[in-house]
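# Inside the fold
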Amino acid sequence: MWRFWLKYYVYKKVLSHALKKSKSIIAVSNNTKKSIQKFFPRTPENKIHVIYEGLTELAHSTDNQLPIKNPYLLYVGNAYPHKNLEMLIRAFSLFHKTHPSVHLILAGKGDVFYERLKRKIMKLKGIKEHVHFIASPSDGDLALLYQNAKLYLFPSRQEGFGLPPLEAMSAGVPVASSNASCMPEILGDAAIYFDPNDAAELVHAMEVGVLDEVRRKDLIEEGHNPLQKY
């Protein structure tokens, strides 16, 4: 534990020095700006400029080589702890009891965090055959995954900006996102929101996103709005 606190102390000292010496600071969201002001209150507000990230649309893919089983829910990104994928798996296991035909695809860089998640899923009865991992997908793979997804899921507890939900929206896929950190700021009214600590709320979001065709249509149409900003 002492190593963690030592690294934290060194990291904070280095970052504090960088913020102090910098002429200007770019924050990728207002939420990030608020975090800087919270943890480094001596930083002058007029030094911090909010500049959103830009979205590059993925090319439409006609490839069909991925092991996709429809219908499926999709998550794209890493499996670091703050991404909250263990809660996503718990929610999917509950959802799967009443919707056994739906699959879950997790796409991201194959690393120790994903391997740890795989081992946990292998111990779960009933869903391990319905959870699929695609390691280090290419841009073409991602385009194909987005295009065919029934619903995109983003359960993260902490983000600076959050590009994957916007990529999903650009592919015409409805999004269910946590209501944490910057996500409401970035996605606006174009997503179904849920508490990232409440599996039942995520299950409900899955049900709405998969079964409610009127809501799905509204979300897809609303998804065009935030894209204009980025």
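A brief structural summary. In this numbering scheme, every chain counts its residues from 1 along its sequence in written order. In keeping with the predicted nature of the model, local features appear solely for residues at pLDDT of at least 70, side-chain atom pairs appear and are counted solely at 80 or more, and the whole-chain, interface and lining totals rest on all residues. Only hydrogens and water are set aside when side-chain values are computed; all heavy atoms of the structure are taken into account.

## Observations regarding the packing of aromatic side chains
By convention, a stacked pair of Phe, Tyr or Trp rings (six-membered ring in the case of Trp) has centres within 6.5 Å and planes under 30 degrees apart, an edge-to-face pair has planes over 60 apart, and any other such pair is tilted. Throughout the structure, instances matching the rule amount to nine aromatic pairs. Aromatic pair Tyr75 and Phe154: ring centres 6.5 Å apart, planes at 20 degrees, arrangement stacked. Of this pair, Tyr75 sits in strand S3 (residues 72-76) while Phe154 sits in strand S6 (residues 151-154); the two residues are 79 residues apart in sequence, bridging distant segments of the chain. Taken as a pair, Tyr75 and Phe154 share a single burial class, namely buried. One aromatic cluster in this structure is built from Tyr75, Tyr146, Tyr152 and Phe154. Over the aromatic face of Phe40 sits the side chain of Lys12, whose NZ or CZ is 5.8 Å from the ring centroid. The numbering of helices and of strands both runs from the N terminus, where a helix is a DSSP run of H or I of at least 4 residues and a strand a run of E of at least 2. Accessible area is worked out with a 1.4 Å probe on protein chains only. A residue is then buried under 20% of its type maximum, exposed over 50%, and partly exposed in between. Only lysine NZ and arginine CZ atoms are considered, and such an atom sits over a ring when it is within 6 Å of the ring centre and within 35 degrees of the ring normal.

## Concerning the nonpolar core
Counting residues in each nonpolar core, the largest one holds 61 residues, and the members touching the most others are Leu73, Leu145 and Tyr152. Whether two residues are in contact is decided by their heavy atoms, any of which lying within 4.5 Å being enough. Leaving out residues up to four positions away in the same chain, Leu145 has contacts with Leu66, Ile68, Tyr72, Leu74, Ile105, Ala107 and Ile134. Working definition of a nonpolar core: buried Ala, Val, Leu, Ile, Met, Phe, Trp, Tyr and Cys residues. They are joined through side-chain atoms within 4.5 Å. By size, the runner-up hydrophobic cluster in this structure holds six residues, among which are Leu19, Ala27, Phe40 and Ile48.

## Side note on a negative patch on the surface
On the surface, a cluster of negative charge is contributed by Asp189, Asp212, Asp218, Glu221 and Glu222. Within the secondary structure layout, Glu221 lies in helix H9 (residues 213-222). With relative accessibility at 45%, the residue Glu221 sits in the partly exposed group. Patch members must show over 30% relative accessible area and no salt bridge, and they are joined within 9 Å when carrying like charges or within 5 Å when they are nonpolar side chains of Val, Leu, Ile, Met, Phe, Trp or Tyr. To measure how exposed things are, a 1.4 Å probe is used in the Shrake-Rupley method; for residues, cover is taken only from the protein chains shown. Between Lys or Arg on one side and Asp or Glu on the other, a salt bridge is scored when a side-chain nitrogen of the former is within 4 Å of a carboxyl oxygen of the latter. The sign given to each residue is positive for Lys and Arg and negative for Asp and Glu; His and the chain ends receive no count. Just so you know, the charge point we use is NZ for Lys, CZ for Arg, CG for Asp and CD for Glu.

## Some thoughts on helix H4 (residues 112-122)
Side chains three or four residues apart in an α-helix point the same way, a direct result of the helix having 3.6 residues per turn. Turning to H4, its buried residues are Tyr114, Leu117 and Ile121. The buried residues of H4 all sit within an arc of 60 degrees when viewed along its axis, so they share a single face. When the buried face of H4 is taken as reference, the exposed residues oriented beyond 90 degrees from it are Arg119 and Met122. Pairs of N or O atoms within 3.5 Å make up the polar contacts considered here, provided that, within protein, one atom can donate a hydrogen while the other can accept it, and that residues adjacent in sequence are counted only when both atoms are side-chain atoms. Capping the start of H4 is the job of one residue whose side-chain oxygen sits 3.1 Å from the backbone nitrogen of Phe113: Asp111. The directions from the helix axis to the C-beta atoms are what the arc is built from.

## Here's the deal with the packing of helix H3 (residues 85-98) against H4
Note on geometry: axes are lines fitted to C-alpha atoms, helical ones only across the stretch in contact, with angles between N-to-C directions running from 0 to 180 degrees. The interhelical angle for the contact between H3 and H4, taken along N-to-C directions, is 25 degrees, at an axis separation of 11 Å. When the axis of H3 is compared with that of H4, the two are roughly parallel. Of the two elements, H3 crosses H4, and the hand of that crossing is right-handed. Residue-level inspection shows Leu85, Glu86 and Ile89 of H3 in contact with H4, the latter providing Tyr114, Leu117, Lys120 and Ile121. Residues of the contact of H3 with H4, tallied by class, amount to five nonpolar, no polar and two charged. An angle below 35 degrees is read as roughly parallel, one above 145 as roughly antiparallel, one from 65 to 115 as roughly perpendicular, and any other as oblique. We call a crossing left-handed when the near helix sits turned anticlockwise from the far one by less than a right angle, and right-handed when that turn is clockwise. Under the scheme applied here, ten amino acids are nonpolar (Ala, Val, Leu, Ile, Met, Phe, Trp, Tyr, Cys and Pro), four are charged (Asp, Glu, Lys and Arg), and all others, including Gly, are polar.

Note that all results are geometric; they support no functional claim without further evidence.
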